[in-house]
Amino acid sequence: MEICHLRDIDNGLRAALRQGVVVSSGWSRNRRQAVVAGVLGMVGCAVQGGAFAQTAAQPTYPQRPVKLVVPFAPGGSTDIVARLVAEAMHAPLGQSVVVENKAGAGGMVGAEAVARAAPDGYTVGLGSISTLAVNPVVLPQVRVDPLKDLAPVLPLASIASVFSVRPELGVKDFGSFVRMAKAQGDRWAVGSSGVGSVGHLILAAFNRDLGLQLRHIPYKGMGPVVQSVLSGETQMLSDQYPSSAPHIQNGLLQPFAVAAEARVPALPRVPTLAELGYPELNSLAITWFGLVVPAGTPRPVVARLNAAANAALQQPALRARLAQLGVQPLGGTPAQLQQMVVQTTAVVRKLVQQERVMDAAQ
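Please read these numbers as outputs of a predicted model, since none were measured by experiment.

Definitions and limits used
- Residues numbered from 1 in each chain as written.
- Predicted model: local features only at pLDDT ≥ 70, side-chain atom pairs only at ≥ 80, totals over all residues.
- Heavy atoms only, no water.
- Phe/Tyr/Trp six-rings, centres within 6.5 Å; stacked < 30°, edge-to-face > 60°.
- Helix = DSSP H or I, 4+ residues; strand = E, 2+ residues; numbered from the N terminus.
- Buried < 20%, exposed > 50% of the residue type's maximum accessible area, 1.4 Å probe, protein only.
- Lys NZ or Arg CZ within 6 Å of the ring centre and 35° of its normal.
- Salt bridge = Lys/Arg side-chain N within 4 Å of Asp/Glu carboxyl O.
- Pairing = 2+ DSSP bridges.
- Axes fitted to C-alpha atoms, helices over the stretch in contact; angles between N-to-C directions.
- Contact = heavy atoms within 4.5 Å.
- 1 Å grid on protein atoms, 1.4 Å probe; cavity = no way out; pocket = protein on both sides within 12 Å on 5 of 7 lines; lining within 4 Å.
- Points joined across faces, edges and corners; volume = space filled by probe spheres on them.
- Nonpolar A, V, L, I, M, F, W, Y, C, P; charged D, E, K, R; others polar.
- Core = buried A, V, L, I, M, F, W, Y, C linked by side-chain atoms within 4.5 Å.
- Left-handed = near helix turned anticlockwise from the far one by under 90°.
- Parallel < 35°, antiparallel > 145°, perpendicular 65-115°, else oblique.

Chemist: Tell me about the packing of aromatic side chains, residues and numbers included.
Modeler: The relative placement of two aromatic rings is captured by the distance of their centres and the angle of their planes. A complete count under the given rule lists seven aromatic pairs for this structure. Ring centres of phenylalanine 174 and phenylalanine 256 lie 6.4 Å apart, and the angle between their planes is 40 degrees; this geometry places the pair in the tilted category. In this pair, phenylalanine 174 is assigned in helix H7 (residues 174–184) and phenylalanine 256 in strand S9 (residues 254–259), connecting sequence segments 82 residues apart. Across the pair, phenylalanine 256 and phenylalanine 174 agree in class, each one buried. On the numbers, 5.9 Å between centres and 50 degrees between planes, the contact of phenylalanine 174 with tyrosine 278 is tilted. One end of the pair, phenylalanine 174, is in helix H7; the other, tyrosine 278, is in the loop between S9 and helix H11 (279–285), and 104 residues separate them in sequence. Tyrosine 278 gets classed as partly exposed once you look at its relative accessible area, which sits at 24%. Its end group placed over the ring of tyrosine 122, arginine 64 keeps NZ or CZ at 3.7 Å from the ring centre.

Chemist: Describe the pattern of salt bridges, listing the residues and the values that go with them.
Modeler: Counted under the stated rule, the structure contains nine salt bridges. Across the pair glutamate 100 and lysine 67 runs a salt bridge, and its minimum N-O distance is 4.0 Å. With glutamate 100 in strand S2 (residues 97–101) and lysine 67 in strand S1 (residues 66–70), this pair connects stretches of sequence that are 33 residues apart. Residue classification places lysine 67 among the partly exposed positions, given a relative accessible area of 29%. With a shortest N-O distance of 3.0 Å, arginine 83 and aspartate 79 are connected by a salt bridge.

Chemist: Tell me about the sheet that holds S2, and name the residues and values.
Modeler: Spatial strand order, S2-S1-S3-S10-S4-S11: six strands in an open sheet with mixed pairing. The open sheet is flanked by S2 and strand S11 (327–329), the only strands paired with a single partner. The mean inter-strand angle of the sheet, taken between neighbouring strand axes irrespective of direction, is 30 degrees. Sheet strands touched by helix H3 (residues 77–93): S1, S2, strand S3 (123–128), strand S4 (150–159), strand S10 (287–294) and S11. Its angle to S2, the strand with the most contacts, is close to 160 degrees. Of the strands in this sheet, S3, S4, S10 and S11 are in contact with helix H12 (residues 299–313), which crosses S4 at around 10 degrees.

Chemist: Outline the layout of surface pockets, supporting the account with residue identities and numerical values.
Modeler: Within this model, the largest pocket holds a volume of roughly 1000 Å³. Surrounding the largest pocket, 44 residues form its lining, Phe72, Ser130, Ser193, Met222 and Gln240 being those nearest its centre. Counting only elements with at least two residues in the lining of the largest pocket, the list comes to H3, helix H5 (129–138), helix H8 (198–210), helix H9 (222–231), strand S8 (237–240), helix H10 (241–249) and S10. Of all the elements, H3 adds the most residues to the lining of the largest pocket, at five residues. Here the lining of the largest pocket is composed, by residue class, of 20 nonpolar, 22 polar and two charged. In this structure, the second largest pocket spans a volume of roughly 380 Å³.

Chemist: With reference to specific residues and values, describe the pairing of S4.
Modeler: Burial within S4 is extensive, with ten of its ten residues counted as buried. Summarising the sheet, S4 and S10 pair through eight bridges and their orientation is antiparallel. For leucine 154, the partnering residue across the bridge sits in S10 and is leucine 291. Direction of pairing for S4 relative to S11: antiparallel, over a ladder of three bridges.

Chemist: Lay out the nonpolar core in plain terms, naming residues and giving numbers.
Modeler: In terms of nonpolar packing, the biggest core is built from 49 residues, with Phe163, Phe177, Phe206 and Phe256 touching the most fellow members. The biggest single contributor to this core is H8, with eight residues. Excluding anything up to four places from it in sequence, phenylalanine 256 contacts Phe163, Ser164, Val165, Val171, Asp173, Phe174, Phe177, Met236, Val270 and Pro271.

Chemist: Outline the packing of H3 against H12, listing residues and values.
Modeler: Remark: H3 packs on H12, axes separated minimally by 8 Å, with the N-to-C direction vectors making an angle of 115 degrees. By crossing handedness, the relation of H3 to H12 is classed as right-handed. Along its contact with H3, which presents Val85, Ala88, Met89, Pro92 and Leu93, the element H12 presents Arg304, Leu305, Ala308, Ala309, Ala311, Ala312 and Leu313. Here the contact of H3 with H12 is built from residues that sort into eleven nonpolar, no polar and one charged.

Chemist: Describe the packing of H3 against helix H13 (residues 316–324), and please don't skip the residues or the numbers.
Modeler: It is the contact of H3 with H13, at a shortest axis distance of 10 Å, that shows an interaxial angle of 175 degrees. With respect to H13, the axis of H3 lies roughly antiparallel. Facing H3, whose interface residues are Leu84, Val85 and Ala88, H13 presents Leu318, Arg321 and Leu322. Among the residues making up the contact of H3 with H13, the classes are represented as five nonpolar, no polar and one charged.

Chemist: Talk me through the side chain of serine 130; I want residue IDs and the actual numbers.
Modeler: Within the element layout of this structure, serine 130 appears in helix H5. The exposure class of serine 130 is buried, given its relative accessible area of 18%. In this view, serine 130 contacts Phe72, Asn135, Pro136 and Val198; residues no more than four positions away in its chain are not counted.

Structure (structure tokens):
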């Protein structure tokens, strides 16, 4: 837009004054046209100036609190991470970030709420490996395509998984677990939070990659899964480290491997699956989170959220708290989260097709 200056107004006035201050009915046609031209110049400048002023006065984002939708119930690891990050984003964003839990259907309810929200930056979603990469493959009723209906903001954090058994079984390390599990055939069982869950997929990958025949027992949530191992109903536990940590510290569970980018500081002698020669299995078993927004959210708004979240993840207090929970802060770019979703989805799809994971649910 071309901007008028005071000299433009001055030129219009001078053109009018040269022809006389007042438009008279007795003026010639040329004089009247000259005055009208001068006045129109001033009016045009005023209109342009007003438009410029309105553009310059557009409010900067955000002007009100931002809602962070968590697609799972309060109290779980996803919810805990979300609330810690939301609090830390307040200062760099300049507005409060308010967590709203929308649980149901394995995270689909929350994911759909984010995808259907106005793309204005005031609704942000916490996406996980389940909602962004697993559900779209294993659940045909999913109505959200993460790559089309959502826009990535950044990778947020990852949580290590730990694989453990009761000490009474005599498993000392990964090698002894594999030997004993093979010897037991299908007599050993592993629980998960349901058919098609991440835990179910990890079990299928264990059987495929390690040549095992571990049976799958689906439960309603991870609480009963943990109890099934402690009671001896199942033999191996695949769980996020924060929820298994108390049982490991109390000697009720013996860890033999973890899935993480590096060894868990609290378990320095327990190797990662990648170290043991199973990088794809290691990657699949790491729980990761990322921030997403509705597709069509303006790029400057995405950039603002990205900068605020990255700044929050650098705060020493937040990093210390996450470390206590066994959570690794990530951060990065929208493209990096997009890549995580694409790569993990491909791994899940291949596993589901090869191992016919969902056949039991048909």
